[in-house]
Amino acid sequence: MPEPDDIIRRCMEAWSQEQEEYAAQLTDSLASLQAYEQELRQWEEQLTSKAEEIEQQRSEVEERRKELVKQQATDVAMTAELDQAKAELDDLRQRLSEVEDPVVAASAAVTDTEQYPSRDSKTKSGVELLDPAVSAVAKQFQKLRQQQAARRSR
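Each chain has its residues counted from 1, running along the sequence as written. Thresholds applied to this predicted model are a pLDDT of at least 70 for local features of residues and 80 or more for the giving and counting of side-chain atom pairs; totals over whole chains, interfaces and linings are not thresholded and use all residues. Based on all heavy atoms of the structure, the side-chain values leave hydrogens and waters out of the count.

1. Notes on the overall build of the chain
Helix and strand assignments follow DSSP, with helices taken as H or I runs no shorter than four residues and strands as E runs no shorter than two, numbered in order from the N terminus. A tally of regular secondary structure across the chain gives 2 helices and 0 strands. Note on exposure labels: buried denotes an accessible area under 20% of the residue type's maximum, exposed denotes more than 50%, and partly exposed covers the range between, all computed with a 1.4 Å probe on protein chains only. By the burial criterion, 12% of the 154 residues in the chain qualify as buried. Here, two residues are considered to be in contact whenever any of their heavy atoms come within 4.5 Å of each other. Here the contacts in the chain between residues at least 6 apart in sequence split such that 70% fall between residues at least 24 apart. Accessible surface is estimated by sampling points in the Shrake-Rupley manner with a 1.4 Å probe; for residues, cover comes only from the protein chains shown. Summed over all atoms, the accessible surface of the chain reaches about 12700 Å², with 53% contributed by carbon and sulfur.

2. Details of the nonpolar core
Most often, soluble globular proteins have nonpolar side chains that are buried together. Buried residues of nine kinds, namely Ala, Val, Leu, Ile, Met, Phe, Trp, Tyr and Cys, make up a nonpolar core once their side-chain atoms join them within 4.5 Å. M78, L82, A85, L89, L92, V137, F141 and L144 form the largest nonpolar core, which has 8 residues in total. Contributions of two or more residues to this core are made by α1 (4-113) and α2 (119-152). The element best represented in this core is α1, accounting for 5 residues.

3. Digging into a nonpolar patch on the surface
Residues form patches when they are more than 30% accessible in relative terms and have no salt bridge. Like charges link within 9 Å. Nonpolar side chains (Val, Leu, Ile, Met, Phe, Trp, Tyr) link within 5 Å. Between Lys or Arg on one side and Asp or Glu on the other, a salt bridge is scored when a side-chain nitrogen of the former is within 4 Å of a carboxyl oxygen of the latter. There is a patch of nonpolar side chains on the surface, built from I8, M12 and W15 and spanning about 350 Å² of accessible area. Within the secondary structure, I8 sits in helix α1.

4. Focus: the confidence of the model for the chain
Per-residue confidence for the chain averages 81 on the pLDDT scale, and 77% of its residues sit at or above 70. pLDDT measures how confident the predictor is about each residue, on a scale from 0 to 100. Within the model, pLDDT remains below 50 along residues 113-129, and this stretch shows 17 contacts once partners closer than five positions in the same chain are excluded.

5. Some points on the pattern of salt bridges
Where charged atoms from two side chains of opposite charge approach closely, those side chains can pair. Using the criterion set out here, one finds 9 salt bridges in the structure. R58 is the salt-bridge partner of E55, the closest N and O atoms lying 2.7 Å from each other. Of this pair, E55 and R58 both sit in helix α1, 3 residues apart, roughly one helical turn. When its relative accessible area of 46% is taken as the criterion, R58 is described as partly exposed.

6. Observations concerning the side chain of Q148
Relative to the assigned elements, Q148 resides in helix α2. Two N or O atoms form a polar contact when they lie within 3.5 Å of each other; inside protein one atom must be a possible hydrogen donor and the other a possible acceptor, and for residues adjacent in sequence the pair counts only when both atoms belong to side chains. A polar side-chain atom of Q148 sits 3.2 Å from a polar atom in the side chain of T79. Excluding anything up to four places from it in sequence, Q148 contacts D75, M78, T79 and L82.

Following this line, the structure appears as structure tokens:
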């Protein structure tokens, strides 16, 4: 039979060996946890960076949306001006055609009686009476079209 001192010594050695194995496992576990913690920090930094990037992009998109809304309002106003100018132009064209027809008819009647040398000179003078108004509206209409085209090309 082994002596009690040997039994105690073997128990202490076994216990010490177990403690060393546990200590080694704990050291490995702590190293793994530290590595995992470092990886989590890196992920957190990446996520924070990505979140900031997304927030910046969202802010830029919101600013662009506001600009587009303003541009749309400007385009709507410009379209309304163009429509008004077109209506004025159509009205002037109608008035011109109403004035031109009697002038042409009168000119034809007068030409038949040979009081005027030519029908064209009478028609031309009737057109010249309205030409400044038509010209002004046409210029305004053209200017509005150019402005709208310039805004669309931006």
